[in-house]
Amino acid sequence: MKVNKLSGLSLNKRLAGLAFVLAASAMVASFVAPEGLKNENERRPFISVVTLANAIKNREEFLLIDLRDAEAYEEFHLPSAENIPYDSALAMDFESKVIFYSGDDYLAKRLWEKRHESLGPNTMVLYGGVHDWYEKLLYPELPINIPEEHKTMVNQVIELSTYYGGQIEFVESQEVLEYYEYDLNKKYWPGAKRTNGLVRKGC
Amino acid sequence: MTKGSQKQPQPYWNPYLCGIGLGLVLLTTFVVMGRGIGASGAMTSVVSVGVNAVSETHASANAFYAGYLGDGTVSPLKDWLVFEVLGVLIGGFLSGVFAHRTKLKVEKGKSISRNGRFLFSFVGGIIMAFGTKLARGCTSGQALTGGALMNVGSWLFMISLFAGAYGMAWFVRRLWI
Amino acid sequence: MNGPFYENGWIGEEASLLIALIIGLAFGFFLERAGLGSARKLAAQFYGSDLTVFKMMFTAIITAMIGVYWLSWFGLLNLDLVYLTPTYVMPQIIGGLVFGIGFIVGGYCPGTSCVASATGSIDGIVNVVGLLLGILLFGELYPYLETFYNSTPLGQTTMVQYFELPAGLMVFILVMVALGGFWLSEKFEALNASNEGE
């Protein structure tokens, strides 16, 4: 019994030592290489729906390409977008500034992963695709009470939504603002959009 | 092992080892699902379905139930957390069977009657439900999940939980000792 | 190949439910193994004689925390896609206090009441019934509670963002706090045991 207790105790101490080593090395790592092995210099190609909406409105020079099939394009597409389905776009070369988008991020992500070396620095991808254009720009949810520091951004969204013929739904929650304050330079690719997901978030 | 000791409940495992096991389960959940574990959420789904069965208009008019009922295209019970809690029931049962701890029993302190224990267990459940719903999660969904993700609200919840329980413990000591 | 797999679209909806069942099974198994299916053991946490709840809970938290840090550091887990419950300061503080009171009165928390029910504790089943009724009451009162429920929001905020510290330092601090807590727990339990022995 006594031996058992002793070995149990030393096991606990060994586990505590392991936790200490892993945590201390985590601390060192976060000072030496805060971003870890994620390549921080890798360019994130994202453009947000708000920036893109402004660019279209101001008639800036760029090619906007819808990567979905013709049927989806006919049903709904962003103003001034051209339809070049993914398979065709994969083989094409683009000279000028190009912005790609797909339904969510799936096709645009695949294209970027395959082509980002050959496409050059002028290529961008719409963060969130048609889904976010629809949900976050045309028909966004915005809070009734807008905190001072978010006013500029929110007014811009309201203006753009009206310009493109959308409609705003005002809600109690402030959480909806977080989307617009993303730092796209720090973002990975967003998750897959699911229409009938069985995984509700939260508790 | 002697024949007599086989039916005896086995001792509990080292809490630190169980904690590491639970922590790895939680980590797996993050990596595979992009969410944490939970318990009270599944109970809320069950309640929302019940309310919806009694009166659909009443349930859909209430933002709280509506959040758990979804858009009506799939059954609200076909939900990740509901299945996870079914797993908890099975896992708890299996562990209890292997350790010879599964039998009908009432867990109570020495100085309280069975019916008294039932009453307090019931009332405690009601109070706890209010706490968990106000805080948007329970010990699993907030304290464990949010604790590991260093979520500000989860740590506030956890500290308040221990404060509430320690503060109340003296007043209800006759329930337990 | 990085996580979360489901969020990256690699797992279907039906498969995710099977995963839920397996994860829940392991969760329930470890809870029961440590003795958290027993109300007396849970309540003992608050009378100082048995600190299993604290030990197990914080071991699980720091294990997952260290794992999350390192997986994310190696680029194997995209933390942006792991759901974080938004912070609402007052509802979560008051909710925590109320929860703690309910915990010590009832003897279980929602997860452990399920484990207790599964192993045949009638008081555990009664506790689950109380929980369901409490949720119903909360739901019925929700229109009156909604304002408070949505008050003092901080958004989805981690302590790393809130205190503006490097993530690894925050992990180190919390792990040291937990290890210190474990050391005190062992001392405290030993002290209590020797007092009872006399």
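Residues numbered from 1 in each chain as written. Chains lettered and ligands numbered in written order. Predicted model: local features only at pLDDT ≥ 70, side-chain atom pairs only at ≥ 80, totals over all residues.

So, unusual backbone geometry
(1) Moving on: At histidine 100 of chain B, a position not held by glycine, the phi torsion is positive, near 55 degrees.
(2) Moving on: Structurally, the position occupied by histidine 100 of chain B is in the loop between helix H5 (80-98) and helix H6 (114-134).
(3) Moving on: Using a count of 13 C-beta atoms within 10 Å as the deciding quantity, one classes histidine 100 of chain B as partly exposed.
(4) Moving on: Positive phi values are uncommon outside glycine, yet threonine 152 of chain C reaches one of about 45 degrees.
(5) Moving on: Positionally, threonine 152 of chain C belongs in the loop between helix H6 (122-149) and strand S2 (153-155).
(6) Moving on: Judged by the 13 C-beta atoms lying within 10 Å of it, threonine 152 of chain C is partly exposed. (Helix = DSSP H or I, 4+ residues; strand = E, 2+ residues; numbered from the N terminus. Buried ≥ 20, exposed ≤ 12 C-beta atoms within 10 Å, placed from the backbone.)

Some remarks on the interface of chain A and chain C
(1) Moving on: Listed as interface residues are 32 residues of chain A and, on the opposing side, 34 residues of chain C.
(2) Moving on: For the side of chain A that touches chain C, the leading source of residues is helix H1 (residues 2-32) of chain A, giving 11 residues.
(3) Moving on: A per-class count over the side of chain A that touches chain C returns 18 nonpolar, eight polar and six charged. (Contact = placed C-beta atoms within 7 Å. Nonpolar A, V, L, I, M, F, W, Y, C, P; charged D, E, K, R; others polar.)

Observations regarding the domain arrangement of chain B
Residue and element names in this part refer to chain B.
(1) Moving on: Domain annotation for chain B reports domain 1 (10-103) and domain 2 (106-177).
(2) Moving on: The straight-line distance from the C-alpha centre of domain 1 to that of domain 2 is 18 Å.
(3) Moving on: Counting residues at the interface gives seven residues for domain 1, matched by eight residues for domain 2.
(4) Moving on: Here the residues of the side of domain 1 that touches domain 2 are counted per class, giving three nonpolar, four polar and no charged. (Domains from an automatic or database assignment.)

Topic: the environment of valine 115 of chain C
(1) Moving on: Secondary-structure assignment places valine 115 of chain C in helix H5 (residues 110-118).
(2) Moving on: Expressed as a C-alpha distance, the spacing of valine 115 of chain C and glutamate 140 of chain C, which sit 25 residues apart in the sequence, is 28 Å.
(3) Moving on: Leaving out residues up to four positions away in the same chain, valine 115 of chain C has contacts with Val88 and Gly92 of chain B together with Gly28, Leu31, Glu32, Leu36 and Gly37 of chain C.

Remarks on the interface of chain C and chain B
(1) Moving on: Taken together, the contacts link 106 residues of chain C with 109 residues of chain B.
(2) Moving on: Here the element with the most residues in the side of chain C that touches chain B is H6 of chain C; it accounts for 19 residues.
(3) Moving on: Class assignment of the residues belonging to the side of chain C that touches chain B gives a composition of 70 nonpolar, 30 polar and six charged.

Digging into the pairing of strand S5 (residues 123-126) of chain A
Residue and element names in this part refer to chain A.
(1) Moving on: Neither face of S5 is left uncovered, since the one carrying Thr123 and Val125 and the one carrying Met124 and Leu126 both have all their residues buried.
(2) Moving on: Bridging between strand S1 (residues 46-47) and S5 involves two bridges; their strand directions are parallel. Within S5, the residue paired with isoleucine 47 across the bridge is leucine 126.
(3) Moving on: Looking at chain direction, strand S4 (residues 98-101) and S5 are connected through three bridges and run parallel. Bridged to isoleucine 99 within S5 is methionine 124.
(4) Moving on: For the crossover that starts at S4, traverses helix H5 (residues 106-119) and ends in the parallel S5, the hand is right-handed. (Pairing = 2+ DSSP bridges. Right-handed = clockwise from strand over helix to strand, strands pointing away.)

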